[in-house]
Amino acid sequence: MIQTTKTDLFRLRRRPLSEKLADQSFRVLATCLASLVGLILVAILITVLLGSRSAMSAYGLGFLTTSNWNPVTNEYGAFTAIYGTIVTSILSLLIAVPLGVGTAIFLTENFIPVKGRQIIGLMVELLAAIPSVVLGLWAIFVMEPFLRPVLNGLHASLGWLPFFSTQPEGPGMAPAILILVVMILPIITAIARDSLLQVPVELRQAAYGIGASRWGAIFQVILPAAISGITGGVMLALGRAMGETMAVTMIIGNSNNFSLSLLAPGNTIASMLANQFGEADGNQVSSLMYAAFVLMLLTLIINVLAQWIVRRLSLRYT
Amino acid sequence: MASPARRPSLSNIRSLHRKPKLPRNRWNGFFTFLAGLFAVIVVLPLVLVLAYVVIKGGSMMSLSLLTELPPAPGMTGGGIGNAILGTLIVSLIAALIAIPVGVGGGIYLAEYSKSGAFASFVRFGTNVLSGVPSIICGVFVYGLIVATRIFFDQSYSAIAGGIALSVLMLPTIIKTTDEGLKLVPQELRWGAIGVGASKFVTITHITLPTAFKPIATGIVLSIARAAGETAPLIFTALFSPFWPEGLFSPIASMSVLIYNFAIMPYDVQIALAWATSFVLVMMILVMNIFARYVGSFNKI
Amino acid sequence: MTTSLNTASNARPTAPAADACLSLQDVSISYGNGKNIAVNHVFMEIPKGKVTAFIGPSGCGKSTVLRALNRMNDLIEGCTLSGRVLFDGHDLYDRRVDPVEVRRRIGMVFQKPNPFPKSIYENIAFGARINGFRGDMDELVESSLRKAALWDEAKDKLKESGFSLSGGQQQRLCIARTIAVEPEVILMDEPCSALDPISTLKIEETMHELKKTFTIVIVTHNMQQATRVSDLTGFFNVTSLPDLDGKVGCLEEFGETERIFNSPAQQATQDYVSGRFG
């Protein structure tokens, strides 16, 4: 049996040193592993910064505003890619937000039985699991050929607008935007659905209780109450769209010639990296690193902003 | 609903019956239709992508496809055996790195730090890291490992690809571990500590096993996601038309194969890209559904 | 681990009563790093081999004091204690004391039954193993379950999950788990508050058995329970101090249960035990 002689209290049932050591070292280990996250972030930043040093000193801030990208003459400017990154992500967001939030509302209201809602919810989550490269393959061989007549029609009827001024010829910004919509829809839908589900039932009951119609309650009570989560989800989706690589690379055309037209081939920072990094050397590597740094900065700002917005808005509504 | 025609006695001056012509009801109907339409539009891509992958890729399934090497450009036949094996190897390397680090970090957040500046820094860092584009992970590992040739003077290697994927998996695993452990009722920890268990024993014998299912679900999902990633691999693991030659050489993977073959001008390669997509998508969907199935029981 | 401080701490005058098991000397406990004082200036001698009950209205700090007795409050961030808690004459809050070892000698049963998600057998064996038990485990499991009056109900399903038991049985399993590590003191924090009257009665019977071997301290909301099971009773009350905002708990009166309930010295105690407030 366990010894219970009452000689000296704290030497009784003394935990062996090995046990205390295990306890201590486990704590230290967990702390170290946790701090690895910070370490990796810093390492990413340092690697990218060090790699882009020579391009930064050679081209300075002009790198951001010029659209020359010529490995032969060793001139680099990332404006086309930066413009492409921002335009594709924002336009895809404009399309995806109403679709995603509308779907989220459809999934949280009782329009159809729970079973049906669960199946749609599962399908949206599975859509998020489809690898980007498979969506790219699908975009090249299925979506783009299907879309071509539509884009041709756009060019024919709205060609006087600079955004539709070129003849669509396969890969381009417009199909890239649409495939981005497919890629960010699941995030927006999932986060919007979670935010809507968190709206207290009492609030909904209160709205119905004073005679609001269903969509009156949705627009005036439920959506405003869930706005912080939805905004956060939209910002996260924006960050994801900016960094999304494979599908965009495969369908955007990877052209560094700047064009306002959405029907013309373009480039994003991520697709430029995917397309050129493997074969680049010298100043081109450094320039690509510089572009990677810009992309990192953009996504970092968006993500921090997303967290900040969620915190600020949720203070107001809960 | 009630049918006004059969019960006229109820329709007095101010009837409670639904008037479909009311603007309010028309708007409600319109918005309901719109929301349903949006839901269909959102689901449509999944159906279409799956349909094409199954039709174009599934029809090519055969044993030789799964076991042979890809053909040289211009040749026919061949398979994607090396890419399947490569994806398994690279994902395994990534999992072996990311699981201990991620679970350890999650344990720190959930069990050792209730608040405090360092913990909120780690949480913030996890969120930031999960927002870092996957291509940046590739650039990072390229700069850290490939360009510096730190592993036996090898540049592109399976291990570099695995490390790049593990950076991608890390935030997900930390978050699911943290959240899974937070689901464990505080009373269970008290119970263990109340009989004299140390923190180490409490975590390893009580809290971790209790939270096993949600954590395992998160880990399987993160592996499934990593297995389909391409961007971090294209200039870390690169590609190889041969069978894997070891952890320190370039290695094929299904995702990079799809990318490479999709933009080749040969029909054979494009067909192989569809077949690979089928294998990859099925693998990922099975992992997803399995994880959700396990996760659906995780009422602690 | 080091002995350099020994002389200093031993030199302090510690004069608990001869049979005192736990002795509280001017104990004040606060939460939020000293912002909210939960309980103030408690002096108390808890004797060995007796059942001591803590009663009092909600928020009087009785559970806080109980949790201070085996350093469970260490798990609450920002909880601080001043004064001294002596266990067999040793200060539990001495810097060299290992709280894990304290809890191996002062066990605790919680308000909500909290069996581990393991089998009934493993629930009991777990604590014994981590305490380095080397004897016959089957025998220990049986004797612990017997002492907790659960053996007859559980002997045929030792391999089943602890959750398969009813609430009252789960609580007795938690008691058995605590007994198995053979602590000297068992602390019980409202062990019956989540249970039905029949289960409560069973646990009270169990306590009568246990007090032959263990010192028991129990927090209870139920005054009948205090009179039924305890030898001594401490009545905690809430007061608002003029110089502090918020309410603060304090030990109003402490003595034989018989006397506390029949002829208390304080008016507040009289009011509480006769059901006039609380």
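Counting restarts for each chain, with residues numbered from 1 along the sequence as it is written. Whichever chain is written first becomes A and whichever ligand is written first becomes 1, with later ones labelled in order. It should be noted that, the model being predicted, local features are given only for residues of pLDDT at least 70 and side-chain atom pairs only at 80 or more, the latter also being counted only at that level, while totals for whole chains, interfaces and linings use all residues. The side-chain quantities take in all heavy atoms of the structure and omit both hydrogens and water.

Participant: It is not clear to me how the pattern of salt bridges should be interpreted in this structure. Could you clarify?
Facilitator: Any Lys or Arg side-chain nitrogen located within 4 Å of an Asp or Glu carboxyl oxygen qualifies as a salt bridge. Scanning the entire structure with this criterion turns up 25 salt bridges over all chains. Here glutamate 19 of chain A and arginine 104 of chain C are joined by a salt bridge, their closest N and O atoms 2.7 Å apart. Taken as a pair, glutamate 19 of chain A in helix α1 (residues 17–59) and arginine 104 of chain C in helix α3 (residues 99–105) lie in two separate chains rather than in one. In this scheme, a residue with accessible area under 20% of its type's maximum is buried, one over 50% is exposed, and one in between is partly exposed, where area comes from a 1.4 Å probe on protein chains only. Accessibility expressed as a relative area gives 18% for glutamate 19 of chain A, which makes it buried. The salt bridge involving aspartate 74 of chain C is made with arginine 71 of chain C; its shortest N-O contact spans 3.0 Å. The partly exposed category is assigned to aspartate 74 of chain C, whose relative accessible area is 35%. Bridged by salt links that share partners, the residues Glu109, Arg204 and Arg214 of chain A form one connected network. Each helix is a run of DSSP H or I of at least 4 residues and each strand a run of E of at least 2, with the numbering of both proceeding from the N terminus.

Participant: When you look at the confidence of the model for chain B in this model, what are you seeing that I'm missing?
Facilitator: In low-pLDDT segments, the atomic positions of the prediction should not be examined closely. For every residue, the predictor assigns a confidence score, pLDDT, that lies between 0 and 100. Per-residue confidence for chain B averages 84 on the pLDDT scale, and 93% of its residues sit at or above 70. Scored as a complex, the prediction yields pTM 0.84 and ipTM 0.87.

Participant: Teacher, can you tell me more about the interface of chain B and chain A here?
Facilitator: How big an interface is tends to be stated in terms of the accessible area lost upon association of its parts. Only heavy atoms matter for contacts: two residues are in contact if any of them lie within 4.5 Å across the pair. Each partner contributes to the interface: chain B provides 75 residues, whereas chain A provides 72 residues. Buried area: the sum, over both parts, of the accessible surface (1.4 Å probe) that disappears when the two are put together. Between chain B and chain A, the buried area comes to about 6,500 Å², and carbon and sulfur atoms account for 82% of it. Remark: the boundary between chain B and chain A carries one salt bridge. For glutamate 125 of chain A, the salt bridge identified is with arginine 292 of chain B, shortest N-O distance 2.1 Å. Whenever a nitrogen or oxygen atom comes within 3.5 Å of another N or O atom, the pair is scored as a polar contact, on the condition that within protein one atom can donate a hydrogen and the other can accept it, and that pairs from neighbouring residues in sequence are kept only if both atoms are in side chains. Our count for the chain B to chain A interface comes out at seven residue pairs in polar contact (both at pLDDT 80 or more).

Participant: Hey, could you run me through the side chain of threonine 233 of chain C in this one?
Facilitator: Residue and element names in this part refer to chain C. Its place among the elements puts threonine 233 in strand β9 (residues 232–239). The class of threonine 233 is buried, set by a relative accessible area of 0%. Of note is the side chain of threonine 233, whose polar atom sits 2.9 Å from the side chain of threonine 257. Aside from chain neighbours lying at most four places away, what touches threonine 233 is Ala53, Ile55, Glu253, Phe254, Gly255, Glu256, Thr257, Ile260 and Phe261.

Participant: Is there a simple way to explain the nonpolar core in this structure?
Facilitator: Nonpolar side chains in soluble globular proteins tend to end up buried together. The biggest cluster of nonpolar side chains holds 195 residues, and the ones touching the most others in it are Ile44, Val134 and Phe277 of chain A, Leu129 and Ile135 of chain B together with Phe126 of chain C. Ignoring any residue separated from it by four or fewer positions in sequence, one finds isoleucine 135 of chain B in contact with Gly243, Thr245, Ala270, Leu273, Ala274 and Leu295 of chain A together with Ala231, Ile234 and Phe235 of chain B. If you look at the next biggest cluster of nonpolar residues, it comprises 44 residues, including Phe133, Leu165, Phe235 and Ala268 of chain C. Residues enter a nonpolar core if they are buried and are Ala, Val, Leu, Ile, Met, Phe, Trp, Tyr or Cys, with the set joined through side-chain atoms within 4.5 Å.

Participant: Hey, could you run me through the environment of asparagine 303 of chain A in this one?
Facilitator: With respect to the secondary-structure elements, asparagine 303 of chain A resides in helix α10 (residues 283–317). Along the backbone, asparagine 303 of chain A and glycine 232 of chain A are 71 residues apart, and their C-alpha atoms lie at a distance of 8.8 Å. Every residue in contact with asparagine 303 of chain A, bar those within four places of it in the chain, is listed here: Leu236 of chain A together with Gly131 of chain B.

Participant: What exactly am I supposed to notice about the pairing of strand β6 (residues 106–109) of chain C here?
Facilitator: Side-chain direction in a regular strand flips from residue to residue, so the side chains alternate between the two faces of the sheet. Residue and element names in this part refer to chain C. Along β6, one buried face is formed by Ile106 and Met108 and the opposite face, lined by Gly107 and Val109, is buried too. Inspection of the sheet shows β6 paired to strand β7 (residues 185–189) by four bridges, in the parallel sense. Among the inter-strand pairings, methionine 108 is bridged to a residue of β7, identified as leucine 187. Between any two strands, at least two bridges found by DSSP are needed for them to pair.

Participant: Can you help me understand the sheet that holds β6 of chain C in this one?
Facilitator: In sheet architecture, strand pairing relies on hydrogen bonds along the backbone and comes in two forms, parallel and antiparallel. Residues and elements named next belong to chain C. One open sheet accounts for 10 strands, arranged β5-β4-β1-β2-β10-β9-β3-β8-β7-β6; its pairing is mixed. With one partner strand each, in any of the chains shown, β5 (90–91) and β6 form the two edges of the open sheet. In this sheet, strand β2 (residues 36–47) lies alongside strand β1 (residues 20–31) in antiparallel orientation, the contact comprising eight bridges. Looking across to β2, one finds that serine 23 is bridged to glutamate 45. Strand contacts of helix α7 (residues 167–180): β6 and β7, with the helix running at about 175° to β6, the strand carrying the most contacts. Only the stretch in contact is used when a helix axis is fitted, and all axes are lines through C-alpha atoms; the angle between N-to-C directions ranges over 0 to 180 degrees.

Participant: Help me understand the confidence of the model for chain A in this model?
Facilitator: Residue and element names in this part refer to chain A. Mean pLDDT over chain A works out to 84, with 94% of the residues at or above the 70 mark. Within chain A, the lowest mean pLDDT, 79, falls on strand β1 (residues 69–70), and the highest, 92, falls on helix α2 (residues 79–108). Across residues 1–12, where pLDDT falls below 50, the model places 27 contacts with residues more than four positions away in sequence or in other chains.

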